[in-house]
Amino acid sequence: MAKHIGILTAGGDSPGLNAAIRGVGKAAQNSFDMNVIGFRDGFRGLMENRVMRLEGSALSGILTVGGTILGTSRDKPHKMPMGNEYLDMTDVIVDNYHRHNLDALVCLGGGGTQKNAYRLLEKGLNIITLPKTIDNDVAMTDTTFGFDTALGIATEAVDRLHSTAHSHHRIIVVEVMGHNAGWLALGAGMAGGADVVLIPEIPYDVESVAGAILQRSQGGKRFSIVVVSEGALSKEDAVQIRELEEEKANASSKKQKKAANARLRELTATQAEHTVRLARQLEDLTRLESRVTILGHLQRGGTPSAADRLLATRLGTACAEMIQDGIYGVMVAARGDGTEPVPLDQVAGKRKTVPPDHPWIISARRLGTNMGD
Ligand code: F6P
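Just so we're clear, the structure is a prediction, and the values are computed from it rather than from any experiment. (Residues numbered from 1 in each chain as written. Predicted model: local features only at pLDDT ≥ 70, side-chain atom pairs only at ≥ 80, totals over all residues. Heavy atoms only, no water.)

J.: Lay out the packing of helix α6 (residues 183–191) against helix α12 (residues 359–367) with the relevant residues and their values.
T.: Put simply, α6 and α12 touch, their axes get as near as 11 Å, and they point 40° apart. Taken as axis vectors, α6 and α12 run oblique relative to one another. Two packed elements cross with a definite hand, and for α6 against α12 that hand is left-handed. Where α6 abuts α12, its residues Trp183, Leu186, Gly187 and Met190 lie against Trp360, Ile361, Ser363 and Ala364. Tallied by class, residues from the contact of α6 with α12 come to 6 nonpolar, 2 polar and no charged. (Axes fitted to C-alpha atoms, helices over the stretch in contact; angles between N-to-C directions. Helix = DSSP H or I, 4+ residues; strand = E, 2+ residues; numbered from the N terminus. Parallel < 35°, antiparallel > 145°, perpendicular 65-115°, else oblique. Left-handed = near helix turned anticlockwise from the far one by under 90°. Contact = heavy atoms within 4.5 Å. Nonpolar A, V, L, I, M, F, W, Y, C, P; charged D, E, K, R; others polar.)

J.: Explain the site of the ligand residue by residue, including any values.
T.: Near the ligand you find Arg74, Thr133, Ile134, Asp135, Met177, Gly178, His179, Glu230, His297 and Arg300, and these make up its full shell. At 2.9 Å from an oxygen atom of the ligand is found a side-chain nitrogen or oxygen belonging to histidine 297. Look at the ligand: alone it shows 400 Å² of surface, and the protein chains cover 70% of it. Residues that form the shell around the ligand fall into these classes: 2 nonpolar, 4 polar and 4 charged. Each of domain 1 (4–145 + 304–346) and domain 2 (151–300) accounts for three or more of the residues forming the shell around the ligand. (Near = heavy atom within 4 Å. Polar contact = N/O pair within 3.5 Å; in protein donor to acceptor, adjacent residues only side chain to side chain. Areas by Shrake-Rupley, 256 points an atom, 1.4 Å probe, with all protein chains shown as cover. Domains from an automatic or database assignment.)

J.: I'd like to hear about the packing of aromatic side chains, residue by residue, with values.
T.: Applying the stated criterion to the full structure yields 1 aromatic pair. Over the ring of phenylalanine 223 we find arginine 216, and its NZ or CZ is 5.1 Å from the ring centre. The residue whose ring lies beneath lysine 352 is tryptophan 183, and the NZ or CZ to ring-centre distance is 5.3 Å. (Phe/Tyr/Trp six-rings, centres within 6.5 Å; stacked < 30°, edge-to-face > 60°. Lys NZ or Arg CZ within 6 Å of the ring centre and 35° of its normal.)

J.: Account for the sheet that holds strand β7 (residues 127–131), naming residues and giving values.
T.: On the basis of which strands lie adjacent, the open sheet formed by 7 strands has the order β3-β2-β1-β6-β7-β12-β13 and mixed pairing. Two strands close off the open sheet at either side, each with one partner strand: β3 (51–53) and β13 (338–343). Strand-to-strand twist of the sheet, defined as the mean angle between neighbouring strand axes without regard to direction, takes the value 30°. Summarising the sheet, strand β12 (residues 330–335) and β13 pair through 6 bridges and their orientation is antiparallel. Bridging from a neighbouring strand, valine 330 pairs with proline 343 of β13. Across the sheet, helix α1 (residues 17–31) touches β1 (4–9), β2 (35–39), β6 (104–109) and β7, and the angle it forms with β1 is around 180°. Strands β6, β7 and β12 of the sheet are contacted by helix α4 (residues 111–122), whose axis makes an angle of about 170° with β7. (Pairing = 2+ DSSP bridges.)

J.: I'd love a proper account of the nonpolar core, names of residues and values included.
T.: The biggest cluster of nonpolar side chains holds 33 residues, and the ones touching the most others in it are Ile7 and Leu130. Among the secondary structure elements, those contributing two or more residues to this core are β1, α1, β6, β7, α11 (306–324) and β12. Per-element tally for this core: the top contributor is α11, with 8 residues. In this structure, isoleucine 7 is in contact with Ile21, Val24, Gly25, Val36, Ile37, Gly38, Phe39, Leu54, Leu70, Leu105, Val106 and Leu108, ignoring residues within four places of it in sequence. Within the second largest apolar cluster, 31 residues are counted, among which are Ile172, Leu186, Val197 and Val354. (Core = buried A, V, L, I, M, F, W, Y, C linked by side-chain atoms within 4.5 Å. Buried < 20%, exposed > 50% of the residue type's maximum accessible area, 1.4 Å probe, protein only.)

J.: With reference to specific residues and values, describe the pattern of salt bridges.
T.: Evaluated as defined, the whole model comprises 16 salt bridges. One salt bridge in this structure joins aspartate 41 and arginine 50, with 3.0 Å as the shortest N-O distance. For aspartate 41, a relative accessible area of 23% puts it in the partly exposed group. According to the relative accessible area criterion, arginine 50 is partly exposed, its value standing at 28%. Salt-bridge contacts for arginine 170 lead to glutamate 289; the nearest nitrogen and oxygen are separated by 3.1 Å. Of this pair, arginine 170 sits in the loop between α5 (147–168) and β8 (171–176) while glutamate 289 sits in the loop between α10 (274–286) and β11 (290–294); the two residues are 119 residues apart in sequence, bridging distant segments of the chain. (Salt bridge = Lys/Arg side-chain N within 4 Å of Asp/Glu carboxyl O.)

J.: Describe a nonpolar patch on the surface, listing the residues and the values that go with them.
T.: A cluster of nonpolar residues, Val276, Val292 and Ile294, forms a patch on the protein surface that exposes about 210 Å² of accessible area. Owing to a relative accessible area of 36%, valine 276 belongs among the partly exposed residues under this scheme. (Patch = residues over 30% accessible without salt bridge, like charges linked within 9 Å, V, L, I, M, F, W, Y side chains within 5 Å.)

What follows is the structure in structure tokens.
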């Protein structure tokens, strides 16, 4: 009997999502004669039973389009904003899954989505996921779609900033997304030939960064490009966060835990301005004029790169084949030129950060790139 599948996209959007929806949907319909529907706006649309038909021409002309035709949201099944409160809507989601007689639900998303999908798996649904995010931080997959496109955009920005930094003899500090993983900043920093690259995995010492810039300046290079990940931390902030997290974990009372949490929140709020603060500190320490460029959501917009279209298509079509074979409870991971089903419990709640001895870091250090330590 023909299988029925549902698809949703959750979390931040990412180039390549439409290519993946098309890959799953076309392979499911053309090769396996399945019935395919989409749910709008992630888990929220599944809860509200907002369906989009994905038959016939619905999947045509979307390969090169950015964003997601299904829409997305960051809403979680077990903590859904409902009016003024957050409610556990998992049971409604489970009912809607059965109402559509689904044989499988395909969830396209990053780390958060993998966790939410795993929770639905534990409720007995046949779940299969694909790894998407510009951050490249999903565990157990070589890479995620969206990363290559964002890397290209960030690298082009670094390239362009070089000429203006050079003309004005300035320090340009460019902030790159990536959440708490440094893949995007490290990749764009290396590909764009940045002089300093600061990532969350290596807390930075502002004096060391200023020293590297001054050394360049004394050697006649009167400009510098500093690529900083949005999640990068100074050594001082990293120590403070670690201490507060320990305090929270070891708190003997609710009051103590709440206090540690409040201080953590305060620190994270000021973290949002860390790039501006860093540029100011560098200006003070080097006496060189500095400017800040925050790339933000530019990195998530627009048409996916060829590599991301290819990856999303490979993963999507493999996903349809796994559903046909009755393989559920897995993420379709990219492994070399192929794909591999990885049990969701090995993915959910994990994050792939940059190991300090990663070959990219070794290579950057060999070039003399300052990594902030
Ligand atoms: O996870 C993708 C990402 O773009 C991160 O790099 C960034 O921290 C976050 O999403 C931004 O989220 P939002 O679009 O909700 O502001």
